[in-house]
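Structural overview
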Amino acid sequence: MTVSIGDELSAGPRRSGFAEWNRFAAVNDEFVPIHMDDEEGRRAGYPSAIAMGRLLWSYAHRLLRDWQPGCRILSVSLQFRRPLVRDGLFDVRARVTGLRSAAGEEVVDLDVWIEDEAGTVLAPGRASVVLP
């Protein structure tokens, strides 16, 4: 697959709620009340429970692996600026910002972000992958 600066990626809209959060919490021992209980989310000032940051980070990894199966992810960073609320519609997106060669490998640099259904960026970040 040819990769060019400006290429845009999208995981496609999806919802993430209690079923996904419960599985993630079970595997990662992350049964934190603000992530599991709507009332705790409201007490913290949100409309409901909010997604775990590490779960959102894993969705960014999945986007990259689905885009380039067999790639080696060098780095992914996200800044959690706004919460994803339970059952909120969101998309994981990325844009290729750079192509370079390092130690004989093709490296792709990307802006990556998670946005809600209104297009509000919840978590902007960056990623670098080595192409397979």
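Relevant structure appears above.
These figures come from a predicted structure and were not determined experimentally.

1. Side note on the overall build of the protein
- Assigned secondary structure in the protein consists of four helices and six strands.
- Counted from the first residue to the last, the protein has its helices and strands arranged as β-β-α-α-α-α-β-β-β-β.
- Per-residue burial for the protein yields a buried fraction of 41% across its 132 residues.
- A sequence separation of at least 24 residues applies to 61% of the contacts in the protein between residues at least 6 apart.
- Total accessible area on the protein stands at roughly 7100 Å², and carbon and sulfur atoms take up 50% of it.
- The average position of the 16 basic charges and that of the 19 acidic charges among the side chains of the protein differ by 2 Å.

2. Remarks on the pattern of salt bridges
- Across all of its chains, the model carries twelve salt bridges by this definition.
- Ionic pairing is found between Arg42 and Glu39, a salt bridge with its closest N-O pair at 3.4 Å. Residue Arg42 and its partner Glu39 are located together in helix α3 (residues 38-43), separated by three residues, close to a single helical turn.
- A single network of salt bridges, built from pairs that share partners, joins Glu8, Arg93, Arg95 and Glu115.

3. Some remarks on the side chain of Glu30
- With respect to the helices and strands, Glu30 occurs in the loop between α1 (18-28) and α2 (33-36).
- According to the relative accessible area criterion, Glu30 is buried, its value standing at 11%.
- Side-chain polar atoms of Glu30 contact the side chain of Arg54, separated by 2.7 Å.
- When neighbours within four sequence positions are excluded, Glu30 is seen to be in contact with Phe24, Ala25, His35, Met52 and Arg54.

4. Describing the nonpolar core
- In this structure, Trp67, Val92, Val108, Leu110, Ile114 and Val129 are the most contacted members of the largest nonpolar core, which totals 34 residues.
- Those elements giving two or more residues to this core turn out to be α1, α4 (53-67), β3 (72-78), β4 (89-102), β5 (105-116) and β6 (121-130).
- By residue number, the principal contributor to this core is α4, which donates seven residues.
- Excluding residues within four positions of it along the chain, Val108 makes contact with Val3, Trp67, Val96, Gly98, Leu99, Ala127, Ser128, Val129 and Leu131.

5. Brief notes about the environment of Ala94
- Take Ala94: it is sitting in strand β4.
- The exposure class of Ala94 is buried, given its relative accessible area of 0%.
- Residues Ala94 and Ala11, spaced 83 residues apart in sequence, show a C-alpha to C-alpha distance of 9.0 Å.
- The contact partners of Ala94, leaving out residues within four places of it in the chain, are Asp7, Glu8, Leu9, Leu63, Leu110, Asp111, Val112 and Trp113.

6. Structural notes on the packing of aromatic side chains
- Taken as a whole and assessed by the stated rule, the structure comprises one aromatic pair.
- The interplanar angle of 35° and the centroid separation of 5.3 Å between the aromatic rings of Tyr59 and Phe90 together place this pair among those described as tilted. Taken together, the residues Tyr59 in helix α4 and Phe90 in strand β4 connect sequence positions 31 residues apart.
- The exposure class of Phe90 is buried, given its relative accessible area of 1%.

7. Here's the deal with unusual backbone geometry
- Located in the positive-phi region is Asp87, a residue other than glycine, with phi close to 65°.
- Take Asp87: it is sitting in the loop between β3 and β4.
- Judged by its relative accessible area of 43%, Asp87 falls in the partly exposed class.
- Although it is not a glycine, Ala103 adopts a positive phi angle of roughly 55°.
- Note on placement: Ala103 falls in the loop between β4 and β5.

About the criteria used
As a convention, each chain's residues are numbered from 1 in the sequence order in which they are written. Owing to the predicted nature of the model, reporting of local features is limited to residues with pLDDT of at least 70; listing and counting of side-chain atom pairs is limited to 80 or more, with chain, interface and lining totals taken over all residues. Hydrogen atoms and water are omitted, and side-chain values are computed over all heavy atoms in the structure. Helix and strand assignments follow DSSP, with helices taken as H or I runs no shorter than four residues and strands as E runs no shorter than two, numbered in order from the N terminus. The buried label goes to any residue with under 20% of its type's maximum accessible area, the exposed label to any with over 50%, and the partly exposed label to all in between, with areas taken from a 1.4 Å probe on protein chains only. Here a residue-residue contact requires only that any non-hydrogen atoms of the pair lie within 4.5 Å. Note on areas: Shrake-Rupley with a 1.4 Å probe; residue coverage comes only from the protein chains shown. We treat Lys and Arg as the positive residues and Asp and Glu as the negative residues; His and chain ends play no part in the count. Charge positions come from single atoms, namely NZ of Lys, CZ of Arg, CG of Asp or CD of Glu. Salt-bridge detection follows one rule: a side-chain nitrogen of Lys or Arg within 4 Å of a carboxyl oxygen of Asp or Glu. The definition of a polar contact used here is a pair of N or O atoms within 3.5 Å, where within protein one atom must be able to donate a hydrogen and the other to accept one, and adjacent residues in sequence count solely through side-chain atom pairs. Remark: nonpolar core denotes a set of buried residues (Ala, Val, Leu, Ile, Met, Phe, Trp, Tyr, Cys) joined through side-chain atoms within 4.5 Å. Pairing of aromatic rings covers Phe, Tyr and the six-membered ring of Trp, with a centre-to-centre limit of 6.5 Å; geometry is then stacked below 30 degrees between planes, edge-to-face above 60, and tilted otherwise.

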